[in-house]
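Fold and contact review
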Amino acid sequence: MVKEATEKAVPNPFVPYPATLKSVVDLTPDVKLFTLELDRAQDEFDYKPGQFAFVSAYGVGESPFGVTSVAYRREGLQFAVRRVGTVTNALHQLEPGAKTGVRGPFGNFFPLDDYKNKNIIIIGGGIGFAPLRPVITTILDNRDDYANVLILNGARSPSDLCFASEFDDWVKSPRTKLELTVDAGDENWNGRVALIPDVITELQPSPKDAITIICGPPIMIKFTLSRLKQLGFADEQIVTTLEGKMKCGLGKCFRCNVGEKYVCRDGPVFTFEQISNFIEQF
Amino acid sequence: MTKIIGKNELESWLSGIMKERTVFAPTRVDDLILFRPVRSANEIVFDYENTNLSPKELFFPRTETLFTAVPKDGDIELTPTIVDQEVILFGIRPCDARGIAILDGPFLDEPADSLWAQHREKTTMIGLSCTKPAPQCFCTSMGSAPNDASNVDIMLTQVEDGYAVETITEKGEKLLQGVELRESDVQPPVPTCDVNIPAEGIVEAITKMFDDPYWSRLADRCIHCNVCAYVCPTCYCFDIRDRTDKGKTERIRTWESCQSKGFTRIAGGYDPRADKGTRLRQRFCHKLLYFPQQFGALGCVGCGRCVIACPVNIDIREIISDVQKIGAEVGQGSN
C-alpha cells in the first residue's frame, strides 16, 4: 500500500498500480500472453484499443506494451510480450500469482467510432499484431457497425503467428477475411509464403471507403505503405502506431519524441497524413 | 529607497538559517566552485563568476529513487520517495534560476512530476546578481539579465557596503522575517552582458534548415561524451532503471543525454537516430525548436557552460548564428 502521506500531496506518477499475474499462455515460441488483474478496487484503468501501459518486473525494470485486451469484456488486462530484452526476459520467468505493477493507460487510441460503416483492412507483422488484436475484437463484437473486414497477419514462420487460436472465431464472423503469410514455411504449412507488402499487391484491396490499420516492424511498414499508395490509398486512410524508446509515458523523459511530437502522449496512433507532416522523418 | 544588508549581517543571517535548515551555497572544491551544503558562512564563496555546475541537481538529482519495492507477506510494498528536507539555496545566478523556471514547463505539466514539485516547494532560492559577465556568457540574448530577479525568492546585488536586497516572493519574505535591513539611497549597479547572439527568429530559421547537411558535418567531430548535457541547466532527459540490493528494489531515475548511442534504440534493435548527425540535431532542435513550440521559452539560458566544457568546441553561440544564416539562405532558395 502507498503511504497515506503522499496520497494527499501530488501523486507520484511513477508508482505502478499493484497487480497480480492471473495467467500466462504461450502464443508463439517467444511470445507469451499475460493476463493481469489490478489488486485494488480504487485503481481506475479504463482504456481503448491502441493505448499502452508499462508492466513491471521488479528488480529488473518496466517496459511499455500495447494493451491486447478490450476493457468492456472485463477479462483482465492482457499484454502480448515478446522475449527480446532484459525486462521481457524477466517477465517471461513469471508464473501465475506473481506480483507485478502496471502504469497507464497512456497515449491516444484508434478512433474506431470514426471508422463505422467503412471497409477495414488490418495488417500486422509479428508482435506488431499485439495492439491490433483489441481492434479486431472490438470490430467483430460490433460487427454490424463496419463493412468488410480484411485481416492480414504475417510472421517469420508459421509458429510465430500470434493469436492463432482465435483465427477460427475471426473467420466465422460475417464479411470477414483472414489472410496469413509467413517469410518461411515448414513441413506442415500449406499456406502463403510471401512478404506482407507482396501480399498487398496480390490481394489488391480497394481504397474505396476503406481504412487501413498497420502495425509491425519499421521496414514492413515502410514497404507496405508504398504498396498501399500504389493502390490509391491516401495518407489519411492509413493509420499506424509508432514505436519509440520511452521511459516515462508522461511526456517528460524526452526519449520518444519525433520532432516536437511525443509518441507517448501525442501518439502512439498516427495517420500517415500526420506522420508525413512531422519535421523529423524516421 | 534600496534595502541593504551588510556583508557581516548577511553572514550571520545565513549562519542562523544553517542551524535549522540545510543551506547550499557556492564553495571551493579543488579548483571548482560548486554548490555544496555549508555549515558555516566562511565556507561560502561570494566572489565568483558562476559555479561550474548549475544547482539543477538540487531539483533533479543525477540519481534519484522514485520509489522502493519490497516483498512483504506475499505482496510487494511500494513506497514512493518523499522529499522532506527543506533547502535554502544561496547564490544562484539569474541564468540558472531561469533554467529551473524553464524546467517547470515539462516537469509540472500534468501529470506533474511529484519529485520535482516537492523539491521546488521545499527550496527557497536566494539569487546573487552577476557583477561582471564571464567571457562565455550570453544570458541577455536568451531572455535573462545579470540582475534578473524574476525566478528567485530573494535577490541580492552587491553594492559598496553590502548587498541590495529585493524580496520577490512570499517564501522570500518569510525567510527575511526579523532581519534588519538598512534603508539607503544607493542605487545598485546595473551590470550588463553585451554579447549579442542572434536568437530572435531562431525557431523559423531552424525549421527551414532542419534537413541541411550542416548537422552531420558539425557532428563529425562530436565524440558523444555527453558533457554538454551534464553541465546544462536545462537538459532534463532521463533514464529509469531498477537497482536491487538484499531484496529491496529501488526504481531510480538518472540523467541521460540524447547524444548517447542507443538513446532511442527500440526493442529489436532499430534506432531511428543511429547516426551522430541526427542526434546532434536533436539536441539543438530540442532547445531551439521543440521546447519553444511546447513551452514558449528557448531551452537555453546563455550560461555558456557547454561552450567551455565541449572538448571539440561545438559552440551553441556559433550554431545559432549558422542556423540563422543557413535558414535565411534556404528560405530564399525556396521562394
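Model, not experiment: these values are computed from the prediction.

Points about the overall build of chain B
Each helix and strand counted, chain B has 10 helices and 12 strands in total. For 335 residues, the compact-globule estimate of 2.2 N^0.38 gives 20 Å, and chain B sits close to it at 22 Å. When its C-alpha atoms are laid out on the principal axes, chain B stretches across 65 × 60 × 40 Å. For chain B, buried positions account for 43% of its 335 residues. Restricting to contacts in chain B with at least 6 residues of sequence separation, those with at least 24 account for 71%.

With respect to the confidence of the model for chain A
Detailed reading of the predicted coordinates is not advisable wherever pLDDT falls low. Residue and element names in this part refer to chain A. With 97% of its residues at a pLDDT of 70 or more, chain A has an overall mean of 94. Mean pLDDT across the elements of chain A ranges from a minimum in helix H1 (residues 4-8), with 45, to a maximum in helix H3 (residues 133-141), with 98. For residues 1-7, every residue scores under 50 in pLDDT, and the model assigns this stretch 10 contacts once sequence neighbours within four places are set aside.

Some words on the confidence of the model for chain B
Summing up the model confidence of chain B, the mean pLDDT is 95 and the portion of residues at 70 or higher is 99%. Interface confidence in the predicted complex, given as ipTM, is 0.93; pTM for the same model is 0.94.

Description of helix H2 (residues 94-108) of chain B
Residue and element names in this part refer to chain B. Here H2 spans 21 Å end to end across 15 residues, near enough to the 21 Å set by a 1.5 Å rise per residue. For H2, the buried fraction is high: 11 of the 15 residues fall into the buried class. Considered for burial, the residues of H2 that qualify are Pro94, Cys95, Asp96, Ala97, Arg98, Gly99, Ile100, Ile102, Leu103, Pro106 and Phe107. Looking at the buried side of H2, the elements it contacts are strand E6 (87-92), helix H3 (114-122) and strand E7 (123-128).

Some thoughts on the domain arrangement of chain A
Residues and elements named next belong to chain A. Per the domain assignment, the segments making up chain A are domain 1 (7-106) and domain 2 (112-241). Each of domain 1 and domain 2 has a C-alpha centre, and these two points are 25 Å apart. In this complex, domain 1 contributes 13 residues to the contact, which on the side of domain 2 involves 14 residues. Those elements giving two or more residues to the side of domain 1 that touches domain 2 turn out to be strand E1 (17-28) and strand E5 (77-82).

Quick look at the nonpolar core
Formed by 158 residues in total, the largest nonpolar core has its most connected members in A:Ala80, A:Ile122 and A:Cys162. Every residue in contact with A:Ala80, bar those within four places of it in the chain, is listed here: A:Leu27, A:Val31, A:Leu33, A:Thr68, A:Ile127, A:Ala130 and A:Cys162.

Some words on the sheet that holds strand E4 (residues 61-66) of chain A
Residues and elements named next belong to chain A. Overall, antiparallel pairing links the six strands, which are arranged E4-E3-E6-E1-E2-E5 in an open sheet. Of all strands in the sheet, those with a lone pairing partner are E4 and E5, marking the two edges. Each neighbouring strand pair of the sheet contributes to a mean axis angle of 40 degrees, computed without reference to strand direction. Summarising the sheet, E1 and strand E6 (residues 99-106) pair through four bridges and their orientation is antiparallel. Each bridged residue has a counterpart across the sheet, and for Ala19 the counterpart in E6 is Thr100. The sheet strands contacting helix H2 (residues 86-93) are strand E2 (31-38), strand E3 (52-57), E4 and E5, and the helix crosses E4 at an angle near 85 degrees.

Focus on the interface of chain B and chain A
Every contact between the two is made by 41 residues of chain B and, on the other side, 37 residues of chain A. Tallying contributions element by element places strand E11 (residues 238-245) of chain B first for the side of chain B that touches chain A, with six residues. For the side of chain B that touches chain A, the class distribution of residues is 23 nonpolar, 10 polar and eight charged.

Some points on the sheet that holds strand E5 (residues 75-80) of chain B
All names here are of chain B. Spatially, four strands are ordered E5-E4-E12-E11 in an open sheet, and the strand pairing comes out antiparallel. Single-partner strands in this sheet number two, and they are E5 and E11. Sheet twist, expressed as the mean angle between neighbouring strand axes with direction ignored, is 25 degrees. Bridge analysis of strand E4 (residues 63-72) against strand E12 (residues 248-255) gives six bridges, and the strand direction is antiparallel. Note on E12: the bridge partner recorded for Ala69 is Thr249.

Focus on the packing of helix H5 (residues 196-203) of chain A against helix H6 (residues 218-230) of chain A
Residue and element names in this part refer to chain A. Running from amino to carboxyl end, H5 crosses H6 at an angle of 15 degrees, the nearest separation of the two axes being 8 Å. Here H5 lies roughly parallel to H6, going by the angle between them. At the point where H5 passes H6, the crossing takes the right-handed sense. Judged by residue contacts, Ile196, Pro197, Ile200 and Thr201 of H5 engage Met220, Phe223, Thr224, Arg227 and Leu228 from H6. Tallied by class, the residues present in the contact of H5 with H6 amount to six nonpolar, two polar and one charged.

Observations regarding the domain arrangement of chain B
Residue and element names in this part refer to chain B. For chain B, the domain assignment lists domain 1 (2-53 + 82-184) and domain 2 (202-334). In this structure, domain 1 and domain 2 have C-alpha centres spaced 28 Å apart. Taken together, the contact pairs 19 residues of domain 1 with 16 residues of domain 2. Considering only residue class, the side of domain 1 that touches domain 2 consists of 10 nonpolar, seven polar and two charged.

Points about helix H8 (residues 276-295) of chain B
Residues and elements named next belong to chain B. The end-to-end C-alpha distance of H8, which contains 20 residues, comes to 26 Å, matching closely the 28 Å that a straight helix rising 1.5 Å per residue would cover. Along H8, the sharpest kink reaches roughly 55 degrees, centred on His286. Once H8 ends, the next one or two residues include Gly296, with phi positive near 100 degrees.

A word on unusual backbone geometry
Cis geometry is found at the peptide bond from A:Gly104 to A:Pro105, where omega equals -10 degrees. Locating A:Pro105 in the fold gives a position in strand E6. Omega for the peptide link from B:Glu110 to B:Pro111 comes to -10 degrees, which places this bond in the cis form. For A:Asp209, which is not glycine, the phi torsion reads 50 degrees and is therefore positive. With a phi angle near 60 degrees, B:Asn313 is a residue other than glycine that sits in the positive phi range. Here B:Asn313 lies in the loop between helix H9 (305-309) and helix H10 (316-334).

Here we look at the pairing of E5(A)
All names here are of chain A. Within E5, six of the six residues are buried, which leaves it mostly tucked inside the rest of the structure. Across the two faces of E5 the burial is the same, with Leu77, Phe79 and Val81 and Gln78, Ala80 and Arg82 all buried. One ladder, built from six bridges, connects E2 with E5; its direction is antiparallel. When the bridges of E5 are listed, Phe34 appears paired with Phe79.

Quick look at the environment of B:Glu20
As for its placement among the helices and strands, B:Glu20 is situated in helix H1 (residues 7-20). Taking the C-alpha atoms as reference points, B:Glu20 and B:Pro213, 193 residues apart in sequence, are found 56 Å from one another.

Reading guide: rules and limits
- Residues numbered from 1 in each chain as written.
- Chains lettered and ligands numbered in written order.
- Predicted model: local features only at pLDDT ≥ 70, side-chain atom pairs only at ≥ 80, totals over all residues.
- Helix = DSSP H or I, 4+ residues; strand = E, 2+ residues; numbered from the N terminus.
- Rg over C-alpha atoms; globule rule 2.2 N^0.38 Å.
- Buried ≥ 20, exposed ≤ 12 C-beta atoms within 10 Å, placed from the backbone.
- Contact = placed C-beta atoms within 7 Å.
- pLDDT = per-residue confidence, 0-100.
- Expected span 1.5 Å × (residues − 1).
- Domains from an automatic or database assignment.
- Core = buried A, V, L, I, M, F, W, Y, C linked by C-beta atoms within 7 Å.
- Pairing = 2+ DSSP bridges.
- Axes fitted to C-alpha atoms, helices over the stretch in contact; angles between N-to-C directions.
- Nonpolar A, V, L, I, M, F, W, Y, C, P; charged D, E, K, R; others polar.
- Parallel < 35°, antiparallel > 145°, perpendicular 65-115°, else oblique.
- Left-handed = near helix turned anticlockwise from the far one by under 90°.
- Bend = angle between axes of the 7 residues up to and from the residue.

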